[in-house]
Amino acid sequence: MNPFEQLPEELIAYIFDHVQAAHALSTAMIVNQQWYMHGARNMHHRLVFNLPLNATIDSPDAIMSLMKRLVSPTLSTAHLVHHLTVTGPARADVQNLILDILWQATALRSLDVHGIRFMQGETLLPPGGFTSHDFLPNVVALNVTSSSFLATFPPTRKLHALRIHNPLEAPLLTSVTDPNGQFVKGIQCLELAISVDSPADAVRVMAHLASALARSPLGALALQFVLPRAGLMSWSDFEDTVHQMGPSLQTLPNLSILSLVFRPDPIMPASLSAEPGAGDQQRETIGRGLAERLISENGLSRLTRIELRWHGWSIEEGVLTALPQTELLRPPHRWMYRQLDETFPWNRRPR
C-alpha cells in the first residue's frame, strides 16, 4: 500500500498548499484522483480562459480540455474555482459549456466575462438569471458588458464590486440603487457607464447615486457618462459639471478613489492647449488644477486617487502625482477589483 494514501486528508491538503510551482502541481495531480482534487484546489482557484478563434467544445486544445474537465462527472472541480476570467470568441456550444461551469461554480467569488465576444446570443445568463439562488450563490464581483446581468439581480443579493461597460439607462440604475437593497449595503467598488441626455442630466444622476449610496461602504467610484452625440459638452461645461458634482461627492464618507469621464470627450479649447508647454503636459496641468479645486472646495481630502478625462493622479498628503495613462481606470481592459486585489479581503484565498 502506498504510505501516502494513509496520510490524513488535512495533512495532504497542508502539503499541497505549500506546492506553488504549476509544473509540480500538475505532476502531482496525475498520481491519483485524491491528489488530483487536492492539486485542483490550488491550480483551479483562479482561472483565466483565453478562448481560441473558432474553438468548439470538440477542439483538441488544452483550454477546451480543461473547461470540459471542470464539469466532468468523475473529475469535476468547478466548485473549487473562486475567480474566473473568460475572453475571446465564444460559439453557441462554448457558451453552453461556460454556462454549465457557472452553474457548478458554487464557490465562485468573482466573474470577469467582459472580454467574451458572443458569436450567437449576447449573454451567459440562464432563464431567470440571478433570480435562481443556485446560480453563482457566492459571487460578489462582476465585470460584464451587458446590463442584463444586473437587470435580474435580486435586491436580496449582495455585490462588493461591479463594472458594467455598456451604458445603463436611468430606470435600471434607479432600481438597483434602492437604498434599502443589499446591493447598496454591500457595494464597495462601482464602475458604470451611464446614458445621459446632457451635462445637467449627469449632475442629477450623480446626486441620485450619491444619495442612494451615502450609507454604503463605497470606497471606489468610476463613472463614464455617455452623451447622445458629440458637441453637447464644451470644456467649460465639463469644468462646471465637475464642480456641480462636488456637493454630492461630499456625502460619500468612505470614498477614496474617484474617476469621472464623459464620452465623447470634451475638447480643451485651442487657447488653452496653445499656451507654453502645449500638448499632453499642458492638458495634464489644466486637469490637475480642476482636480485640486474639486478636492479643496468640497472637503474631499480623503481621496487617495482621482481621474478626470484622460488624466489621473495619486494623492498623498495633499500632493497630486500624475499617473501613467496605462494605469487609468477608464480603458475597457481595466477592472478596479482586480487591480486592487490586495486591498479587498474577499479577493484573498481562504486557508
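Worth saying up front: this structure is predicted, and the values here are computed from it rather than measured.

Novice: Whenever I open this one, helix H5 (residues 92–104) confuses me. Can you help?
Specialist: At 3.6 residues per turn, the α-helix brings residues three or four places apart onto the same side. With 13 residues, H5 extends 19 Å between its outermost C-alpha atoms, agreeing within 8% with the 18 Å of an ideal straight helix rising 1.5 Å per residue. Listed in full, the buried residues belonging to H5 are Val94, Gln95, Leu97, Ile98, Leu99, Ile101 and Leu102. Buried residues belonging to H5 abut helix H4 (62–70), strand E2 (83–90), strand E3 (110–112) and strand E4 (116–118).

Novice: Teacher, can you tell me more about the confidence of the model for the protein chain here?
Specialist: Detailed reading of the predicted coordinates is not advisable wherever pLDDT falls low. Scored by pLDDT, the protein chain has a mean of 85; 81% of the residues are at 70 or more. Highest mean pLDDT in the protein chain belongs to strand E10 (residues 305–308) (98); lowest belongs to helix H11 (residues 270–273) (61). This stretch, residues 345–351, has a pLDDT under 50; its non-local contacts, to residues over four places away or in other chains, come to 20 contacts.

Novice: Hey, could you run me through the environment of Thr77 in this one?
Specialist: Relative to the helices and strands, Thr77 resides in the loop between H4 and E2. In this structure Thr77 comes out as buried when scored by relative accessible area, which is 0%. Sequence separation between Thr77 and Ala105 is 28 residues, and the spatial gap between their C-alpha atoms is 8.3 Å.

Novice: Can you help me understand the pairing of strand E8 (residues 220–226) in this one?
Specialist: In summary, the side chains of a regular strand alternate between the two faces of the sheet. Counting buried residues along E8, seven of its seven residues qualify, which places the element largely inside the surrounding structure. Alternating positions in E8 separate into two faces, Ala220, Ala222, Gln224 and Val226 on one and Leu221, Leu223 and Phe225 on the other, with burial throughout. As defined by bridge partners, strand E7 (residues 189–195) adjoins E8 across seven bridges and the pair is classed as parallel. Pairing of Glu191 across the sheet is with Ala222, part of E8. With helix H9 (residues 199–212) bridging E7 and its parallel neighbour E8, the resulting β-α-β unit is right-handed. Two elements, E8 and strand E9 (residues 257–263), share seven bridges in a ladder whose sense is parallel.

Novice: Explain the pattern of salt bridges here, please?
Specialist: Between side chains of opposite charge, a pair can form when the charged atoms approach closely. In this structure the tally under the stated criterion is seven salt bridges. One salt bridge connects Glu239 with Arg293, and the closest N-O pair in it is separated by 3.6 Å. Here Glu239 is found in helix H10 (residues 235–249), whereas its partner Arg293 is found in helix H12 (residues 280–297), with 54 residues between them in sequence. Linking Arg305 and Glu307 is a salt bridge whose minimum nitrogen-to-oxygen distance equals 2.7 Å. Assessed through its relative accessible area of 14%, Arg305 is described here as buried.

Novice: How should empty space enclosed by the protein be read in this particular structure?
Specialist: Gaps left between atoms show up when a probe the size of a water molecule is rolled over them. Following the criterion strictly, the structure yields one cavity of 30 Å³ or more and no others. For the largest cavity, the full set of lining residues is Trp235, Phe238, Met268, Arg283, Gly287, Leu290, Leu308, Arg309, His311 and Trp313. Sorting the residues of the lining of the largest cavity by element identifies H10, H12 and strand E11 (311–316) as the ones contributing at least two each. Ranked by the residues each element gives to the lining of the largest cavity, the list is headed by H12, at three residues. Classifying every residue of the lining of the largest cavity gives six nonpolar, two polar and two charged.

What counts and how
- Every residue gets a number counted from 1 within its own chain, in the order that chain's sequence is written.
- Per-residue local features of the predicted model are confined to residues with pLDDT of at least 70, and side-chain atom pairs are confined, for both listing and counting, to 80 or more; whole-chain, interface and lining totals are unaffected and use all residues.
- Based on all heavy atoms of the structure, the side-chain values leave hydrogens and waters out of the count.
- In this description a helix means any DSSP run of H or I spanning at least four residues, a strand means any run of E spanning at least two, and both kinds are numbered starting from the N terminus.
- Expected span of a helix: the number of residues minus one, times 1.5 Å.
- Working definition: with a 1.4 Å probe on protein chains only, accessible area under 20% of the residue-type maximum means buried, over 50% means exposed, and in between means partly exposed.
- When checking whether two residues touch, look at their non-hydrogen atoms; a contact exists if any pair is within 4.5 Å.
- What pLDDT expresses is the predictor's confidence in each residue, scored from 0 to 100.
- For two strands to pair, DSSP has to find at least two bridges joining them.
- Clockwise travel from the first strand over the helix to the second, with the strands pointing away from the viewer, marks a crossover as right-handed.
- Every case where a carboxyl oxygen of Asp or Glu lies within 4 Å of a side-chain nitrogen of Lys or Arg is listed as a salt bridge.
- The distinction between a cavity and a pocket rests on a 1 Å grid over the protein atoms alone: a 1.4 Å probe fits inside a cavity but cannot get out, while a pocket stays open yet meets protein on both sides within 12 Å along at least five of seven lines, and a residue with an atom within 4 Å of a point counts as lining.
- Grid points are joined across faces, edges and corners, and a volume is the space filled by probe spheres set on the points.
- In the scheme used here, Gly and all other residues not listed as nonpolar or charged are polar, with Ala, Val, Leu, Ile, Met, Phe, Trp, Tyr, Cys and Pro taken as nonpolar and Asp, Glu, Lys and Arg as charged.

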